[in-house]
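Residue-level structure breakdown
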Amino acid sequence: MSSHRTEQLAPTDFSPPSETQSQNIPVRLIAIAAPVLLLVICLLYFVIAASSLQVSTVPVANISIQGGWHVAIGQRYLVLPGEFTVLAETPGYRQERVEVTVESGRSAAIEMILAPLPGNLHILTEPEVPVQVSLNQEDQGLLTNPLLSNLEAGTYQLSLDAWLYEAWSQEIVVPGKGETLELEVRLEPNWVNYRVESDPSGADIYLEGQSVGVTPMELPIEIGEREMSLSYLGYRDYQAPLWVEETDDLVVREFAMIPLESSLAINSDPTAATVTLNGEYLGETPLSVELAPEQLHQLALFKAGYLGHSDQIRMQHLENRAIEISLKPDLADISIAVSPEDAEVLVDGVVVGSGSQNLELMTRKQSISVRRDGYETQVQEILPTRNLALHLSFRLLTEEESEWADIPSRYATSQNQEMLLFRDAGSVQLGSDRPETERRANETRWSANLERAFYVAATQVTNSQYRAYNADHSSGNRDGESLDGPNQPVVNVSWQEAALYANWLSEREGLTPYYTTARGFVSGVNPDSIGFRLMTEAEWSWLARTTTTGLTQKYSWGDSDDPSTVENIAGVEASGLINFYIESVQDRYSVSAPVGSFPPNHRGLSDINGNASEWIHDWYEPRPYPEGEVQTDPLGPEIGEFHVIRGANWARGYLPQLRLAYRDFGATARDDVGFRVARYAN
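Residues numbered from 1 in each chain as written. Predicted model: local features only at pLDDT ≥ 70, side-chain atom pairs only at ≥ 80, totals over all residues. Heavy atoms only, no water.

On to a negative patch on the surface, then. On the surface, Glu166, Glu188, Glu246, Asp248 and Asp249 cluster together into a negatively charged patch. Structurally, the position occupied by glutamate 166 is in the loop between strand 12 (154-161) and strand 13 (168-174). (Patch = residues over 30% accessible without salt bridge, like charges linked within 9 Å, V, L, I, M, F, W, Y side chains within 5 Å. Areas by Shrake-Rupley, 256 points an atom, 1.4 Å probe, with all protein chains shown as cover. Salt bridge = Lys/Arg side-chain N within 4 Å of Asp/Glu carboxyl O. Lys, Arg positive; Asp, Glu negative; His and termini not counted. Charge placed at Lys NZ, Arg CZ, Asp CG, Glu CD. Helix = DSSP H or I, 4+ residues; strand = E, 2+ residues; numbered from the N terminus.)

Attention now goes to the environment of tryptophan 542. Relative to the elements of secondary structure, tryptophan 542 occurs in helix 5 (residues 537-544). C-alpha separation for the pair tryptophan 542 and asparagine 449, spaced 93 residues apart in sequence, amounts to 9.8 Å. With sequence-adjacent residues up to four places away left out, tryptophan 542 is seen in contact with Phe422, Ala425, Ser427, Val428, Leu450, Phe454 and Arg603. (Contact = heavy atoms within 4.5 Å.)

Under the criterion given, the structure shown has 26 salt bridges. Salt-bridge contacts for aspartate 561 lead to lysine 554; the nearest nitrogen and oxygen are separated by 3.2 Å. Three or more residues are tied together by salt bridges with common partners; here these are Arg652, Asp664, Arg670 and Asp672.

Turning to the side chain of aspartate 587, a few remarks are in order. Locating aspartate 587 in the fold gives a position in the loop between helix 5 and strand 46 (613-619). At 7.4 Å, arginine 588 is the nearest oppositely charged side chain to aspartate 587, a buried residue that forms no salt bridge. With sequence-adjacent residues up to four places away left out, aspartate 587 is seen in contact with Thr565, Glu567, Asn568, Ile569, Gly571, Glu573 and Phe598. (Buried < 20%, exposed > 50% of the residue type's maximum accessible area, 1.4 Å probe, protein only.)

So, on to the layout of surface pockets. Volume-wise, the largest pocket comes out at about 250 Å³. In this structure, the largest pocket is lined by 16 residues; those nearest its centre are Gly524, Val525, His617, Trp619 and Glu638. Where the lining of the largest pocket is concerned, the elements lending two or more residues are helix 4 (495-508), strand 44 (521-525) and strand 46. Top contributing element to the lining of the largest pocket by residue count: strand 44, with four residues. Approximately 180 Å³ is the volume attributed to the second largest pocket. Ser432, Asp433, Arg434, Arg439, Ala441, Thr444, Arg445, Arg623, Tyr625, Pro626 and Glu627 are the residues that line the second largest pocket. Taken together, the residues that form the lining of the second largest pocket break down as three nonpolar, two polar and six charged. (1 Å grid on protein atoms, 1.4 Å probe; cavity = no way out; pocket = protein on both sides within 12 Å on 5 of 7 lines; lining within 4 Å. Points joined across faces, edges and corners; volume = space filled by probe spheres on them. Nonpolar A, V, L, I, M, F, W, Y, C, P; charged D, E, K, R; others polar.)

By themselves, these figures tell us nothing about what the structure is for.
Here it is as C-alpha cells:
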C-alpha cells in the first residue's frame, strides 16, 4: 500500500505594480529604438542619395578619401554628392592627389597612375680609381666610387673612363622607388710600362701637358696616341707625338737633348711692337727668340704711330743677350677749328685743351671729340699722315639744333606729295573784325599760338593719289564737266574718308596713324602720333591769311575788293554751271584745275583759297574759343556735329565767300570740297 504526505501551502503577500513602474517600460524601449531608427533612416538616405566613385591605381596603392561620408566596397566607394580629395600612396612611389566632384545620381571613375620615386646609383670600381663618369652623354665629373642620387627610374647609358684603363660603357636600368642600384665594374688595364731616359738626365717629363717627373723614370702610359715633351734648362724642348702600342715588355725611350745655340730677348718702349727677323713675323714685344750663331740677322720693329726701327744682329755661340729698343713717335700736324671756342677738345678720350688749336698727333687711328654742356658732342675718327696736313672743323649744335638738323625742310611722300616744313609759326589771328563787310556771325575773333613745327602738303590730294587708297572712287562731274581727271583735286569725299586716307598714308610711310578708329570710323586722335592728318583751322589761317610780316590779309590777292586771278575761283568760264560768278575773272577753267596750275601763295602752297575748298581737322563751332584767351596748337572743339571747311573753290563767285575769314562747315561729301594732308614734324 502506497503512502504520500500532504503539504499545506502557505499564503504570500501580493500587491499589483504601481502606475509609475508600468510607465517606465515603454520609455526604455523608445530610448533604445530611436537611435536605431535614426541610424536606419540615415543609412537609407545614404544608400538612396549616394553615388558610386570607382578608383583604380597603377600600381595598386592605398586609397584614402577626404571630404565627406563614404563607404568602401572593393575599388568602389559610395559617397554623397560633393567635392572630394582622393589620395593614393604606396611605398616607392610619389603620392598622387586628385580633386574630384561627384554629382547626384551620377557615378564617377578615376584612374591614378603613381610615379616612382627617384633612385640612386652607386658605382664600385675594381680597382678603386678616379673615373670620369658620363650618364646619357652628360658629364658627372671625375669621381671615385661615385654615388649618383635622385635619378628618375628608367634606362641610362653609363660610360666610365679612367686613366690607364679601358673605357667602359653599358646600358643600365635604374629601378627608382627610392632604391639604390649597386653596380660593380671591373676596369681592364690599358697601359704599357715605359722607361724614359735623357742625355743629360734630370729633364722634366710632361705627358699630355702634365708634369709627371724627371728622367730617368719608369711610368705607365695609356695605350694610344699621346703627347710627350721633355724640358731642360739650356736645351731645346723636345715635343712629339708618342704612339703607345700594346705589349707586355718594358719599353725604353732615350732622348738626346739639343743645347740652345743662342738666345735674344727683345723688349721695346712702348711694348706690343711687331717684330720681324729676316723678314719673317715673330710676334710682339716682349719676346725671346733663338738665333743661329755666327750669322747676320736683320731685325725690325714696327708699331702704329711710331717710326720703324731696324738693326742687324750677330750672336756668338751659346750667347744670351737682352736688348731694349725705344721707338720714336711718328708725328703729324693737325689743325682743329672749333665753335664755340670754349668747347673742350679730346684725343682718344683725353682732354688736350679748349677751342681751335694745332696739335701734333701720332700717325695712327685716333678719335677726336669736341664737347660742351648744352651741345651735342661731335666725334671724328682720323688717321694722320706725316706728309699730308689735316684740317678738322667742328661746329657744335645745341640739342635742339641737332634734332632739327635731321628733319628736312621739305620732302616727298611715296605718293609724290611735296611736304613743306613750317617752324616757329607763332601767333595767328582768326575770325574777322565787326566792321568787315559781309562778316558772318561765326567769324568771332580768337587767337592761337602755333608752337609745334608741322608739315603741310604743297598741293591738294589728287584723284590719282586718292585712288591709290580707294581704286573705286570717282569725283564725278558737274553738268558733264569732269571733276575726275587724275591731277584734279579729289572731291566728293566726306571728312571721314579724308581722315582715313591720312591714316592709310601714315601706315604706308611707316608712321603711327594719327586718327584712332572704331568699326571703320574715326573715333579720336592719338596725341603722341606724328602721322598724317588734316590741317587745323589755326594752321590753315596762318598759312593762308598771315603774311610774312605778321599782318592778316582779307583775300588771297590782298585787301582790295577787286578780285584778281591768283586762284581758281568762279570766273566767266563757270557761268554756265553756277548762278554767281565774277565777270572780271578769267582763269581758263570751268571746274577744278589740275593741282598746282596757279602760282603758290607766300607760304609756297598752291590752291590754298581756290580750286577746291578743304576739309579741316577741327569740329565746327560758331564760337570755338573765347575771344580773350590765346590757344596753343589748338585742335578745335572735342566733339561736334559738323567739321570746318575752309578756302574758296572753283564754284564760288560771291565775293564775301572769297574772304579768308569765311568759315564753312559740313558733314557729307561735296563736289567742291577736297583736302590736303599735314603732320607734326616731331
